[in-house]
Amino acid sequence: MPNDTDPLSQAIHDQLLELLQEGELDEEPTEDEIAEATSEVIEAVGDSMYQQVREDDEGLRRLYETKAEFQRGIEDRWGEPLELLERFIIWSQETGDAINSEYRLQAAQEQDFVFDALTRLHARAVQVAMEIHHLLKGGFADGAFARWRSLHELSITTSFIKQAGSDTAERFLHYRYLWEYYFAQTYQEHADDLDEEQIADETMASLEEGKVELVERFGSDFDDNGYGTGWAADAYEGGGGPSIRGLQEAGDLDHYQPYYRLASESVHGGSKGTLDRLGIIDIPDVEQPDLLLAGPSNAGFARPGQLTAVSLAQITFAFIEWQSSATHVAEMKGMEQLVSDIQDTFAAAAEELEEDERDRLEEWADQDIVDIALNHVGAPVLFTDEFVREQTEFESQLAFENALPVNLDEMTDVDDLPQAVDTTIRTNSDYSSLEELVDAAFEEWVYREVDFSEFDVDS
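Residues numbered from 1 in each chain as written. Predicted model: local features only at pLDDT ≥ 70, side-chain atom pairs only at ≥ 80, totals over all residues. Heavy atoms only, no water.

Caption draft 1: Molecular detail of the overall build of the protein. When helices and strands are tallied, the protein shows 18 helices and zero strands. When burial is assessed residue by residue, the protein has 38% of its 459 residues classed as buried. If you take every contact in the protein between residues at least 6 apart in sequence, the share linking residues at least 24 apart comes to 70%. When the accessible surface of the protein is summed, it comes to about 27,100 Å², and 47% of that surface belongs to carbon and sulfur atoms. (Helix = DSSP H or I, 4+ residues; strand = E, 2+ residues; numbered from the N terminus. Buried < 20%, exposed > 50% of the residue type's maximum accessible area, 1.4 Å probe, protein only. Contact = heavy atoms within 4.5 Å. Areas by Shrake-Rupley, 256 points an atom, 1.4 Å probe, with all protein chains shown as cover.)

Caption draft 2: Summary view of the packing of aromatic side chains. Counted by the stated rule, this structure contains 15 aromatic pairs. On the basis of an interplanar angle of 20° and a centroid distance of 4.8 Å, the ring pair of tryptophan 78 and phenylalanine 301 is categorised as stacked. Taken together, the residues tryptophan 78 in helix H3 (residues 57-109) and phenylalanine 301 in the loop between helix H10 (271-275) and helix H11 (302-322) connect sequence positions 223 residues apart. A single burial state applies to tryptophan 78 and to phenylalanine 301, both of which are buried. Linked through ring pairs, Phe383, Phe387, Phe394 and Phe400 together constitute an aromatic cluster. (Phe/Tyr/Trp six-rings, centres within 6.5 Å; stacked < 30°, edge-to-face > 60°.)

Caption draft 3: Local environment of helix H6 (residues 166-190). Given a rise of 1.5 Å per residue, 25 residues ought to cover 36 Å, and the 37 Å separating the end C-alpha atoms of H6 matches this to within 8%. At histidine 174, H6 is deflected by roughly 35°, the largest bend along its length. Buried within H6 we find Thr168, Ala169, Glu170, Arg171, Leu173, His174, Tyr175, Leu178, Tyr181, Tyr182, Ala184 and Gln188. Those residues of H6 that are buried lie in contact with helix H4 (113-138), helix H5 (141-164) and helix H7 (201-218). (Expected span 1.5 Å × (residues − 1). Bend = angle between axes of the 7 residues up to and from the residue.)

Caption draft 4: View of the packing of H5 against H6. Contact geometry for H5 and H6: axes closest at 6 Å, N-to-C directions at 135°. As the angle between them shows, H5 and H6 are arranged oblique. Residues Thr157, Phe160, Ile161 and Ala164 of H5 form the contact with H6, whose participating residues are Ser166, Thr168, Ala169 and Phe172. Residues belonging to the contact of H5 with H6 are distributed by class as follows: five nonpolar, three polar and no charged. (Axes fitted to C-alpha atoms, helices over the stretch in contact; angles between N-to-C directions. Parallel < 35°, antiparallel > 145°, perpendicular 65-115°, else oblique. Nonpolar A, V, L, I, M, F, W, Y, C, P; charged D, E, K, R; others polar.)

Caption draft 5: How the structure looks around the pattern of salt bridges. Tallied over the full model, the rule gives 18 salt bridges. Between glutamate 58 and arginine 62 there is a salt bridge, with the nearest N and O atoms lying 3.9 Å from each other. Of this pair, glutamate 58 and arginine 62 both sit in helix H3, four residues apart, roughly one helical turn. With a relative accessible area of 45%, arginine 62 lands in the partly exposed category. Between lysine 162 and glutamate 321 there is a salt bridge, and its shortest N-O distance comes to 3.3 Å. Of this pair, lysine 162 sits in helix H5 while glutamate 321 sits in helix H11, placing them 159 residues apart in sequence. Relative accessible area serves as the criterion here: at 27%, lysine 162 is assigned to the partly exposed category. Taken together, the salt bridges that share partners define one network made up of Glu58, Arg61, Arg62 and Glu65. (Salt bridge = Lys/Arg side-chain N within 4 Å of Asp/Glu carboxyl O.)

Caption draft 6: Structural view of unusual backbone geometry. Within the chain, asparagine 225 stands out as a residue other than glycine whose phi angle is a positive 60°. Counting through the fold element by element, asparagine 225 comes out in the loop between H7 and helix H8 (244-250). With a phi angle near 55°, aspartate 252 is a residue other than glycine that sits in the positive phi range. Position of aspartate 252 among the secondary structure elements: in the loop between H8 and helix H9 (257-267).

Dropping the structure here:
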């Protein structure tokens, strides 16, 4: 007999039984016949599930309501630092727009490649900062931290180009054409597997010709096989070819390496980034449940929020300093104050959250099995009609609740309930207290809800 909780197994069982009754299957069908019948059922059930998901407006409504409630919690906890960060992003954007409008024509006439590169890097940095802010408002601290990694790389690139000057900036602006050639090569290798069209031969020839011209113009060190940093090779003074780590050190930003390395784990699919999540508060000295984070959380905002403000300030200041005026220098002073406020408010919110979480976890750790059952399962779920009929003299959950001086959903702490609750239970069952009755109900709930066949337990 199939598992009653598995609708697919039940459907396969019913299909085979129907085929047997109609004589389309022998009493002992072959494996191929069973496989064919099973395949038809799986396809039908899959189609049904697909249609159900496409048409499940109620599920979407519940999700939207949950998200709206969650957003209110985010606003209560992190509203001030998130607002300050957004104000700083807007300020940086408006400053960048003003500088670009003021100096764009002059920079074009003077072929100021540094200005062109810094303008584009700053615009991209503002956009990335907006993405980070959006992720934080949605409760995705790990995603925000991963995007900060990109913002930090933009800060590294900005710092290096500003120090190295015009030749390096020009190489940076042209490097994308070299990268496109190597990307096209990789694409060609996998186009068929991706079910995509191959790049035309004449297009590939044109890309290769462009690569040759770039190498002739900028030198052999420009060609790094598309690694990504060949544009910096002319000015890089470290050993070997330039790496992002080397450029970071050259720009005196290597003290951010610990954060960069942590953020990289939020990008990659490794052990650290999978098992340790910013969205889960870790308080080592307090017992806490093992959680799996598969959605938004209100934890872990401080580090990505603070670092976003710092990195965006670094990029904005570099842009301001390249074409500085008294007004823009004054803006930098004001921005420094705002960045400091952002760091302080994120830190304060994080500290308050950790204190609240510590109190919650300590309360959770102090709970006994009865408290856990009442608070995390609930008396209305535990005291089913069947359980009430079997274990008490009442005929239903409703009759049981009507006999009590409290509603079932108010039962969260046995120590706070009227003595009359225990009296009612002693009078109408073989149990001497609510605590004993909850313990029995919770045991039945566990056996009802947990499929122990999934566990390999020695007898």
